[in-house]
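Each chain, letter by letter, is given below.
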Amino acid sequence: MTFSESQLLDAYRRMRTIRDFEERIHTENTTGDIPGFVHLYAGQEAIATGVCLHLSEKDYIGSTHRGHGHCIAKLCDVKGMMKEIFGKQGGLCAGKGGSMHIADLSQGMLGANAIVGGNPPLAVGAALTAKTKQTRHCAVSFTGDGGSNQGTTFEAMNMAVVLQLPVLFVIENNGYGEGTGADYAVGSKDIAGRAAGFGMPAVRVDGTDFFAVAEAAGEAIERARNGGGPSAIEAVAMRFYGHYEGDPQTYRSAEELKRIREDSDCLRIFRTRVTAEGTLSEAQLDAIDAEVAELIDEAVAEARAADYPPVSELTTDVYVSY
Amino acid sequence: MSLHAVKVPKWGLSMEEGAVVEWHVAEGDDIAVGDELLEVETSKIANAVESPVAGRVVRIVAQPGETLAVGGLLAVIAAAGGSPSAAEIDDFVEAFHANFVPGGDEEEGATAGPQTLDVDGVRISYLAAGSGEAIPLVLVHGFGGDANNWLFNLAELAIARPVFALDLPGHGASTKTVGEGSVASLAATLLGFLDALAIPRAHLAGHSMGGAVVLEATRRAPERVASLALVASAGLGGLVNGEYLRGFIAGQSRRDMKPVLAQLFCDPSLVSRDLIEDILKYKRLDGVTASLETLSAGIFPGGRQTAALRGVLDDPARPALVIWGREDRIVSSDDAHGLPGHVRVEVLDDVGHMPHMEAAGQVNRLLQEHLG
Amino acid sequence: MARKTIREAINEALRQEMARDPDVIIIGEDVSGGAGGSGEEDAYGGVMGVTKGLIGEFGRERVIDTPISESAIMGAAAGAATTGLRPVAELMFVDFVGVCFDQIMNQAAKFRYMFGGKARTPMVLRTMIGAGFRAAAQHSQSLYHLFTAVPGLKCVLPSNAYDAKGLMIQAIRDDDPVIFFEHKALYDIADEVPDEAYTIPFGEANFTREGDDVTIVAFSRMVHIANEVADKLRREGVSVEVLDPRTSSPLDTDSILESVEKTGRLVIVDESAARCGLAGDIAGMVAQEGFDFLRGPIRQVTVPHTPVPFAPTLEDAYIPSPAKVEAAVRQLLDTKPRRMSA
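Residues numbered from 1 in each chain as written. Chains lettered and ligands numbered in written order. Predicted model: local features only at pLDDT ≥ 70, side-chain atom pairs only at ≥ 80, totals over all residues. Heavy atoms only, no water.

Visitor: I tried to follow empty space enclosed by the protein on my own but got confused; where do I start?
Guide: Over the atoms, a rolling probe the size of a water molecule traces out where space has been left empty. For the structure shown, the criterion picks out four cavities of 30 Å³ or more. The calculated volume of the largest cavity comes to roughly 90 Å³. R254, R273, D274, I276, E277, L280 and R284 of chain B together with E204, A205, N206, F207 and R246 of chain C together form the lining of the largest cavity. Elements supplying a minimum of two residues to the lining of the largest cavity: α7 (273-283) of chain B together with β9 (206-209) of chain C. Take the lining of the largest cavity: its biggest share by element is five residues, from α7 of chain B. Split into classes, the residues belonging to the lining of the largest cavity amount to four nonpolar, one polar and seven charged. Taken as a whole, the second largest cavity encloses approximately 60 Å³ of empty space. (1 Å grid on protein atoms, 1.4 Å probe; cavity = no way out; pocket = protein on both sides within 12 Å on 5 of 7 lines; lining within 4 Å. Points joined across faces, edges and corners; volume = space filled by probe spheres on them. Helix = DSSP H or I, 4+ residues; strand = E, 2+ residues; numbered from the N terminus. Nonpolar A, V, L, I, M, F, W, Y, C, P; charged D, E, K, R; others polar.)

Visitor: Just checking my understanding: could you explain the interface of chain A and chain C for this structure?
Guide: Many descriptions give the size of an interface as the accessible area lost when the pieces come together. At the junction of the two partners, chain A supplies 42 residues and chain C supplies 46 residues. Summed over both sides, the interface of chain A with chain C buries roughly 3,500 Å², with 63% coming from carbon and sulfur. Where chain A touches chain C, the interface holds two salt bridges. Residue R112 of chain C pairs with D317 of chain A through a salt bridge whose shortest N-O separation is 3.7 Å. Of all the secondary structure elements, the ones that give two or more residues to the side of chain A that touches chain C are α5 (120-133) and α6 (151-163) of chain A. If one sorts the elements of the side of chain A that touches chain C by residue count, α5 of chain A sits on top with 10 residues. Residue composition of the side of chain A that touches chain C, grouped by class: 22 nonpolar, 14 polar and six charged. (Contact = heavy atoms within 4.5 Å. Buried area = accessible area lost by both parts, 1.4 Å probe. Salt bridge = Lys/Arg side-chain N within 4 Å of Asp/Glu carboxyl O.)

Visitor: Looking at this structure, how should I read the interface of chain B and chain C?
Guide: Facing 19 residues of chain B, the contacting portion of chain C comprises 22 residues. Taken together, both faces of the contact between chain B and chain C bury some 1,600 Å²; the carbon and sulfur share is 33%. Inspection of the chain B/chain C interface yields 11 salt bridges. Summed over the shared surface of chain B and chain C, the number is 16 residue pairs in polar contact (both at pLDDT 80 or more). Breaking the side of chain B that touches chain C down by element, the ones donating at least two residues are α6 (254-262) and α7 of chain B. By residue number, the principal contributor to the side of chain B that touches chain C is α7 of chain B, which donates five residues. Of the residues belonging to the side of chain B that touches chain C, the class tally is three nonpolar, five polar and 11 charged. (Polar contact = N/O pair within 3.5 Å; in protein donor to acceptor, adjacent residues only side chain to side chain.)

Visitor: Help me out: how do you make sense of the sheet that holds strand β14 (residues 299-302) of chain C in this one?
Guide: Strands belonging to one sheet form pairs held by backbone hydrogen bonds; the direction of such a pair is parallel or antiparallel. All names here are of chain C. Taken together, five strands build an open sheet; the order of strands is β9-β11-β10-β13-β14 and the sheet is mixed. Bordering the open sheet on either side are β9 and β14, each of which pairs with just one other strand. With strand direction ignored, the average angle separating the axes of adjacent strands in the sheet is 25°. Inspection of the sheet shows strand β13 (residues 266-270) paired to β14 by four bridges, in the parallel sense. Paired with D270 across the two strands is T302, which belongs to β14. Of the strands in this sheet, β10 (214-218), β13 and β14 touch helix α10 (residues 278-289), which is tilted by about 155° from β13. (Pairing = 2+ DSSP bridges. Axes fitted to C-alpha atoms, helices over the stretch in contact; angles between N-to-C directions.)

Visitor: For this particular structure, what's the right way to read the domain arrangement of chain C?
Guide: All names here are of chain C. Split into domains, chain C comes out as domain 1 (2-193) and domain 2 (206-334). A C-alpha centroid distance of 27 Å is found between domain 1 and domain 2. When the two sides are added together, the surface that domain 1 and domain 2 hide from each other amounts to roughly 2,200 Å², 55% of it contributed by carbon and sulfur. Here domain 1 and domain 2 share three salt bridges between them. Two residues, D316 and R134, come together in a salt bridge whose shortest N-O distance is 2.9 Å. There are 18 residue pairs in polar contact (both at pLDDT 80 or more) connecting domain 1 and domain 2. Taken together, the elements giving at least two residues each to the side of domain 1 that touches domain 2 come down to α6 (144-148), β6 (154-156) and α7 (161-173). For the side of domain 1 that touches domain 2, the class distribution of residues is 15 nonpolar, 10 polar and three charged. (Domains from an automatic or database assignment.)

Right, dumping it as structure tokens:
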């Protein structure tokens, strides 16, 4: 699979935006101005990007509690996201969802989802819509190694095979479900193999390698659009930060954390490869870095300046009509 | 010697029982045909039961508060001149009860269930009662009504002639499309209805908007109309209660509809929950709101009447009866002023927009006189 | 207009809406039945035959038999609803909600609020409730109180065929997730049902009996028990009003208060639960909003705080009976008017 220059620039921009967004939130969170829990996606950027690069806004994705990366990769408005995370007016969910529930249906983003294993059945539903309406659109469910152990995921996989739905299950194996290692909690230690057991093509790829992810995802999504039914990808990439912001991460060693940053930085891997191959130049990438930094600065400034929603909105939008 | 049973009447298809509210006569009273004997209440509406015969009330069987099945014995009347013994009356009552089966045989002139026919691709539902060679009577309800609005009249009027009461398009169980929603299109459907039933000539009676419809039908096909009876009719004046129409169309719930429907009657207590529920059942049907909006816009835009049809009453050869309630808050009884001298005009006191329901006995008598 | 059973009325509602709107699909276990078997298609048409015949008319693409995977069914319905379909999903027995409540409570119910008013989730969840079938603790519950407690869900409890059709069509056209509770004992109850499509708005109570002395509020099958008691007492001159709220969410509190204002006495008959059920909820509401109307204590006739038992003697004693309702009404009528201190 080959990628055009503009596709690669687009991919880099999405990954860089995710990284900067998450690192900035990591900093901002220490001020105490971000309410509630945040779970950062840094380290896994190549996975969301490698998949979403194949999708349009008419294709749907379901996400997890660690959902910022999926939102950005699916082209949700970064400033609307930042406001949402700060709980402000103008947030993508009007300040009613927060970090764990960012959604933008107009971009095909079905929501970050704070229930582990919550989204796979929903993605199956979005795929059912595509199949019923014969749109050639598809759905992607992002789940983690933790979510891969949930019964909802198994049910969704089986039903997708039974109904031959255009859905891709992406299981991001980042090594830990909260504070418990995947090597311990995934009994077979082979998430892709387990998905294959449901009767769908399933592969395991290096989640720090944008090209590996994008290739596997492109093939699976093409198959889904052509009526070939569901597929699964197990993409392995460690998260840079803890399960949640403030997580002391005593379950993994300092040495492991250091090694992840040095050896498994998908952005550095990407940059090295495209500049070595000469498909993109350092200058092009630096320009994107600068633009993204400015965007994130603006997003934070605007989010901080925005008002909280008025108390009158407490009881609105529970129902369409009641 | 002849004894006559006064029985719980059947007002409309769904009525199964009635409760005695109060007696207007006592045992020993002499009465004439049509005298109000008592008030009977159903879950939908209360109404007077009138004496079917002249004579003397010799036994009141059902007391206020009692609920009886339709056809149940209310009182015994001895025909004029008779003076039965107490034992004879006891035997009569006993025999009646021994033979009475609630919900058993249908009353004379009672209506069967609704029937349907096709008029130019529109399904029209109608009630039919009575038989014989006399010129049939066709009853046309008003805006938002249906054939059942004539529940107190149909059986009574059908004693002497065939009577048909149709559901206009957009109403009752008829198709919920009203085309352009004009008086003209409704009148065309009415004439098509007569064709479908092979009725060459009929007496027409219309209530409110239905009055305008029968007037327009007469204008189009005068040879087919033997006489006209107009009850609280549209088509004779310039105005209509637009607030009522808006409320009727918009109302979704019992609480919305109650004050709207109260405007129909002089006595608003007639608006029972069951009466409202029946209207809501109609309004909930797909297509009804759109039909009513179209009709309202076409016939009563902004509370004004588009159909000016007084001239139809100019022909002295066609008997015409105009009935109005003095307390009508929907179409003013002032519209009955200034009609040609040959038109009989009766304005009833303490009656609102629904004289055929609120003063059914009086209206039935007037119609019977009018129809001959 | 013809007499139709609740089963027929729901089937007709589904058929008419599927014919009207290609986005309406049916999904669940054995909604057709026979998929992958050696026998006939549409073998079940739903375990109670409610969806019978629909696959013949609309095909497998729109009448979808699923594996026994309630989470996947509920989630697929919710996901399909937010992306453009109007699924009618079936949770065969409401007891099975234990394995899939997340997809209903945390997902479908929350999308609209959690996403800042941008989502619509027009799904219907049909499910069976009710004791009386010797089906014991895991197939007999009436858990509508659980769903009523969840903001974002609407809860519909038809007691007769007319309501069943109109409420089902409203549920399908409604843009919020609607839980439609069908009582096993009522499927064959028939009444006059228009052939045409119609909708009954949610939150509009139905007065099945009018009266002045006592108000009985009852849901679903309990409406019939309340009617039976009202008819019996009426022959003795006691005038009982029976109010069927039709929906527990939204709840027509205005009609309940209007009736209690008239009668001054309230009995609530409820099959959901002895604790934290609809009876307690309504009693609390009336105590707060209508205290001055009351001439005696509010009486609740509910199931006991036990699982549904199996043995016939026990199950019969579990279900609120006409005798218990009648006793509650009589007890209330015998209560001396409450004396208000000065």
